[in-house]
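Chain by chain, the residues run as shown.
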Amino acid sequence: MDNNIQYSQGLFETFIYNGDTPSLERHLKRLNNSSRELFNIELDLDNIKTTLNQYPKNTVLKLLIAYDETKIFYEKPKTYKVYIKKREKGHLPEIVNLRISPYKRHSKDITIYHKTTNYLLNTLAKRQAKETGFFDAIFLNEKEHIQECTSSNLLLVKDDKYYSPSVESGMLLGITLQTLKEQINIYFLPIEVKDLKDFEKAFILNSVIGVKSVNAIEDINFKVDKDLENYLNICVQKENL
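Described below are features of the structure shown in this document. (Residues numbered from 1 in each chain as written. Predicted model: local features only at pLDDT ≥ 70, side-chain atom pairs only at ≥ 80, totals over all residues. Heavy atoms only, no water.)

## Concerning the packing of helix α2 (residues 22–39) against helix α3 (residues 45–52)
Inclusion rule: Note on geometry: axes are C-alpha line fits, over the in-contact stretch for helices, and angles between N-to-C directions span 0 to 180 degrees. Counting from the N terminus, the helices are the DSSP runs of H or I reaching at least four residues and the strands are the DSSP runs of E reaching at least two. Here is the rule for angles: anything less than 35 degrees is roughly parallel, anything more than 145 is roughly antiparallel, 65 through 115 is roughly perpendicular, and the remaining ranges are oblique. Crossings are sorted by hand: turned counterclockwise from the far helix by less than a right angle, the near helix makes the crossing left-handed, and turned clockwise it makes it right-handed. Here a residue-residue contact requires only that any non-hydrogen atoms of the pair lie within 4.5 Å. Ten residue types, Ala, Val, Leu, Ile, Met, Phe, Trp, Tyr, Cys and Pro, are classed as nonpolar, four, Asp, Glu, Lys and Arg, as charged, and the remainder, Gly among them, as polar.
Running from N to C, α2 and α3 point in directions that differ by 135 degrees, and their axes come no closer than 11 Å. By the criterion of interaxial angle, the relationship of α2 to α3 is oblique. In this structure, α2 meets α3 at a crossing whose hand is right-handed. Listed contacts from α3 to Leu-24, Glu-25, Leu-28 and Asn-32 of α2 are Leu-45, Ile-48, Lys-49 and Leu-52. Here the residues of the contact of α2 with α3 sort into five nonpolar, one polar and two charged.

## Notes on the pairing of strand β1 (residues 10–17)
Defined as follows: With a 1.4 Å probe rolled over the protein chains alone, any residue whose accessible area is under 20% of its type maximum counts as buried; one over 50% counts as exposed, and the rest are partly exposed. Pairing between strands is defined by DSSP: at least two bridges between the two strands are required.
Here β1 lies mainly inside the structure; eight of its eight residues are buried. Here β1 pairs with strand β2 (residues 59–67) via eight bridges, running antiparallel. Paired with Phe-12 across the strands is Leu-64, a residue of β2.

## Considering the pairing of β2
Successive residues of a regular strand alternate their side chains across the two faces of the sheet. Of all nine residues in β2, eight are buried; the element is thus mostly enclosed. Bridge count between β2 and strand β3 (residues 80–86): seven bridges; the pairing is antiparallel. Bridged to Ile-65 within β3 is Val-82.

## Overview of empty space enclosed by the protein
The cut-off we apply is this: The way it works is a 1 Å grid over only the protein atoms, where trapped points that fit a 1.4 Å probe form a cavity and open points with protein on both sides within 12 Å along at least five of seven lines form a pocket, and then any residue with an atom within 4 Å of a point lines it. Grid points are joined across faces, edges and corners, and a volume is the space filled by probe spheres set on the points.
All told, the structure shown has one cavity of 30 Å³ or more when counted by the stated rule. Here the largest cavity is characterised by a volume of approximately 40 Å³. Surrounding the largest cavity, Phe-15, Ile-16, Tyr-17, Asn-18, Thr-21, Ser-23, Leu-24, His-27 and Asn-240 form its lining. When residues of the lining of the largest cavity are traced back to their parent elements, those giving at least two are β1 and α2.

## A look at the nonpolar core
Formally: What we call a nonpolar core is a set of buried Ala, Val, Leu, Ile, Met, Phe, Trp, Tyr and Cys residues that are connected through their side-chain atoms within 4.5 Å.
Among the nonpolar cores identified, the biggest contains 21 residues, and Leu-98, Ile-138, Ile-204, Val-214, Ile-217 and Phe-222 are the most heavily contacted of them. Listing elements by their share of this core, those giving two or more residues are β4 (97–104), β5 (136–140), β6 (146–149), β7 (153–158) and β10 (201–206). Ignoring anything within four residues of it in the chain, the contact list for Val-214 reads Val-96, Leu-98, Ala-202, Phe-203, Ile-204, Phe-222 and Val-224. Within the second largest apolar cluster, 17 residues are counted, among which are Leu-31, Ile-41, Leu-43 and Leu-52.

## Focus: helix α6 (residues 226–237)
So the rule is basically this: Expected span, for any helix, means 1.5 Å times one less than how many residues it has. Think of the arc as the fan of directions from the helix axis to the C-beta atoms. By the criterion applied in these results, polar contacts are pairs of N or O atoms within 3.5 Å in which, for protein atoms, one can donate a hydrogen and the other can accept it, and in which residues neighboring in sequence qualify only through two side-chain atoms.
Between its first and last C-alpha atoms α6 spans 16 Å; for twelve residues at 1.5 Å apiece the expected length is 16 Å, and the two agree. Residues of α6 that are buried: Leu-228, Glu-229, Leu-232, Asn-233, Cys-235 and Val-236. Take α6 and look down its axis: the buried residues cluster within an arc of 155 degrees, on one side only. The inward-facing, buried residues of α6 abut β7, β8 (161–165), α5 (175–181), β10 and β11 (210–213). Two to three positions downstream of the cap, the backbone nitrogen of Asp-227 sits 3.2 Å from a side-chain oxygen, assigning the N-cap of α6 to Asp-225.

Right, dumping it as structure tokens:
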């Protein structure tokens, strides 16, 4: 019974493994930064890489860091275990429609800014979205500012310029979004639901699905631009080679 099982004191990364790529380095760096900040533990990244090497390329993996049990729940753990799970990529519909989640997340919640195993709210929001006919749900914060979807970031386009909800609104800067912002100019700013109608195109993005066009967010429709979607995916895939 480690702390991950008892109190969700764990970290994870999900990605398509293609060897020791810049993308993998980003994932491991984020994982290690969170481990240091939250648990004061430095991860043995070289050992993790060695373990990952047993898997073939183009494999979807979930890398979990589970911190060992302590005598009292609030004590910092001293050690950790590494678990790696191979998983399927999952079905991605041709048309992606999103809804606004009724569940809100406070922008000062520290767990938002780390990839922790405290994922119950994300799970409930995703499940509700699927049960109501949507692919995913978008979280809002206490100021009604858009944050992100349950497992992906948002990218919006207006007048050939790219926009994203601000990190300060309560958004985990995903690896795919990090990669894109080094190749294209992205403006990060507070965005409300009422602002969505001003944008022409919308995309969801994460390390497994890449970049995918959004058809609609509830009753707001967007132009599906496959050429732009392909271009953005090419930008991302450069780091997986």
